[in-house]
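Structural characterization, general
In case you want the letters, here they are:
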Amino acid sequence: MDLKMLLVFIAPFLYSTLGFPIQEHNGYAGANFTGYPMMSEVTPSSDISQSTQEAELTTETDTQEDIVFNKILKANAGSTQHLREGDIVMTRSRSAIGCSDNSCLWPQSSDGRVRVPYVFSPDYDEANIRWIREAMAEFETLTCIAFVNRTTESDYLNIKSGKGCWSHYGKVGGGQIVSVMKRGCMWKGIIQHELNHALGFLHEHARSDRDSHVKIMWEYISSANKGNFKKSDNSNNLGLQYDYSSVMHYGTNTFSNTPGKATIVPIPDASVPVGQRYGLSNLDVAKINKLYNCNRCSTILDRPSGSLSSDNYPSKYTGNATCFWLIRIPSKQISLQFDAFDLQSSTACNTDYVKIYDGVSQFSEVLLNKTCGTKRPPTVTSSGKTMLVEFVRGRTGAATGFKASYTSGRSKP
């Protein structure tokens, strides 16, 4: 037997069999975080691009159109873990999904941040850790969620490369495992999907109002998988609309027992795309911010081209707020130019300014430092597929703000 065949034979025995409830209380000598990653511990997204990472992890059977949950099911094939809906660990302390008393939510600090402590297991390499942290960074930029290195907290996420991609629903107490397998789960959308479960979010198709938005094609679902499409009668929909593009949504053909036949069909328009793999949607962000009472102004722009502007433009903008636009396109680079620019001037642009980053967070490399006044900034181009625009407005005055447009790829000289 050659070495390759030997590794194939013994691989299944290298994984630990995990029971439930899963709780660990191992110590961790981490940095003392205050909510945001430290500069020394976060690599700008330009150092590890999504295209590079996905190229390393993509197999011949993967396609660019695979949605998050289909990849999760591939990674979880053969898992011995008892999972509900394909990737949620059921806990004995709760017989059904739900926590009407908010006991499964992570606590909010007096400064408005929701700090979720975590540790990484030592089986991850540096590239794995950078990729998981970049997936976390979108939460921290767009919501009040802050994933922080655990010091002495008794409740925390133990993120490790288990067998497959899975998580508990909400905070269950102790060191709860979030499994992000090194080979098969290292995709930003998958990581965010499992972290969203840990924050207390169900799959989108399980909402109590789902029958008004999708039709479940029961005839193409085997008896063993019908339970994965059970609707929650008491889900908290937060007063927000159904989200076909949620990172928490099943794909059209998920759990289909007949090739080419859909298990979920949008209504009334069956052609509406369902599910995606690129990351949090705008409604995903809105739901987190509403559930956790986050005071955040943030928008995701995921089309190949588009525009953004300050509030009330071209009228005067109001003061005392910070807004973010995360531009996230499927491929190439992002080129952004300002079509109009009028911000209150101040010393070193400390009160009102626009700042642009080459990545998904404020810890990414700066493309355009604090800029104010009336002179239009130069066109900026990202090194990869993400760019973050920050707009801080400190006071109300006579300024009308800005308008900008972006395209994929470098601008023409």
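As the structure is a prediction and not an experimental result, all values here were calculated from the model.

**Re the overall build of the protein**
- Of regular secondary structure, the protein possesses 6 helices and 18 strands.
- Residues counted as buried form 52% of the 413 residues belonging to the protein.
- Taking as baseline every contact in the protein between residues at least 6 positions apart, the subset at least 24 positions apart corresponds to 78%.
- In the structure as shown, the protein presents an accessible area of about 18600 Å², 51% of it carried by carbon and sulfur atoms.

**Some remarks on helix α6 (residues 282–291)**
- Buried residues dominate α6, accounting for 7 of its 10 residues.
- Here α6 has its buried residues at L283, D284, V285, K287, I288, N289 and L291.
- The secondary structure elements touched by the buried residues of α6 are α4 (126–142), β4 (145–149), α5 (188–199) and β10 (297–301).
- N293, located one to two residues past α6, shows a positive phi value of around 55°.

**Some remarks on the environment of S256**
- Residue position: S256 is located in the loop between β8 (214–216) and β9 (264–266).
- Residue class for S256 comes out partly exposed when judged on its relative accessible area of 24%.
- When the C-alpha atoms of S256 and M217 are compared, they prove to be 9.0 Å apart, with 39 residues separating the residues in sequence.
- Of note is the side chain of S256, whose polar atom sits 2.9 Å from the backbone oxygen of T258.

**Considering the packing of aromatic side chains**
- Tallied over the entire structure, the rule returns 13 aromatic pairs.
- The rings of Y317, W325, F338, F341, F391 and F402 are connected pair by pair, giving a single aromatic cluster.

**Some words on the sheet that holds strand β17 (residues 386–393)**
- The strand order across the open sheet formed by 5 strands is β10-β12-β17-β14-β15, and the pairing between neighbours is mixed. Each edge of the sheet is formed by a strand with only one pairing partner; in this case those strands are β10 and β15 (365–371). Neighbour-to-neighbour, the strand axes of this sheet turn through a mean angle of 15°, independent of strand direction.
- Where strand β14 (residues 353–358) lies against β15, 4 bridges are found, and the strand directions are antiparallel. Among the inter-strand pairings, Y357 is bridged to a residue of β15, identified as V366.

**Remarks on the environment of C165**
- Its location among the elements puts C165 in strand β6 (residues 165–168).
- Classification of C165 as buried rests on a relative accessible area of 0%.
- Along the backbone, C165 and G184 are 19 residues apart, and their C-alpha atoms lie at a distance of 8.0 Å.

**A look at the packing of α4 against α5**
- Relative to each other, α4 and α5 sit at 60°, their axes nearing to 9 Å. Taken as axis vectors, α4 and α5 run oblique relative to one another. α4 and α5 meet at a crossing whose hand is right-handed. For the pair formed by α4 and α5, the contact residues are W131, I132, A135, M136, E138 and F139 on the first element and K188, I191, Q192, L195, N196 and L199 on the second.
- When the residues that make up the contact of α4 with α5 are grouped by side-chain class, the tally is 8 nonpolar, 2 polar and 2 charged.

**Examining the sheet that holds strand β16 (residues 380–381)**
- With antiparallel pairing, the 4 strands of this open sheet are ordered in space as β11-β18-β13-β16. In this open sheet, the two edge strands, each paired with only one partner strand, are β11 (306–309) and β16.
- The pairing of strand β13 (residues 334–342) with β16 spans 2 bridges and is antiparallel. Counted as the bridge partner of S335 is T381 from β16.

**Looking at the environment of G200**
- As for its placement among the helices and strands, G200 is situated in the loop between α5 and β8.
- Classification of G200 by relative accessible area gives buried; the value is 11%.
- Along the primary structure G200 and L291 are separated by 91 residues, whereas in three dimensions their C-alpha atoms are 9.1 Å apart.
- The residues contacting G200, other than those within four sequence positions of it, are Y169 and G170.

**Observations regarding the pattern of salt bridges**
- On inspection of all chains with the given rule, the structure shows 11 salt bridges.
- When the shortest N-O distance is used, the salt bridge between E138 and K188 registers 2.7 Å. Linking E138 in helix α4 with K188 in helix α5, this pair joins segments that are 50 residues apart in sequence. Across this residue pair, the class does not change: E138 and K188 are buried.
- Sharing partners across several salt bridges, the network here consists of E204, R207, D209 and K287.

Thresholds applied
- Residues numbered from 1 in each chain as written.
- Predicted model: local features only at pLDDT ≥ 70, side-chain atom pairs only at ≥ 80, totals over all residues.
- Heavy atoms only, no water.
- Helix = DSSP H or I, 4+ residues; strand = E, 2+ residues; numbered from the N terminus.
- Buried < 20%, exposed > 50% of the residue type's maximum accessible area, 1.4 Å probe, protein only.
- Contact = heavy atoms within 4.5 Å.
- Areas by Shrake-Rupley, 256 points an atom, 1.4 Å probe, with all protein chains shown as cover.
- Polar contact = N/O pair within 3.5 Å; in protein donor to acceptor, adjacent residues only side chain to side chain.
- Phe/Tyr/Trp six-rings, centres within 6.5 Å; stacked < 30°, edge-to-face > 60°.
- Pairing = 2+ DSSP bridges.
- Axes fitted to C-alpha atoms, helices over the stretch in contact; angles between N-to-C directions.
- Parallel < 35°, antiparallel > 145°, perpendicular 65-115°, else oblique.
- Left-handed = near helix turned anticlockwise from the far one by under 90°.
- Nonpolar A, V, L, I, M, F, W, Y, C, P; charged D, E, K, R; others polar.
- Salt bridge = Lys/Arg side-chain N within 4 Å of Asp/Glu carboxyl O.

Any functional reading would require information that these geometric values do not contain.
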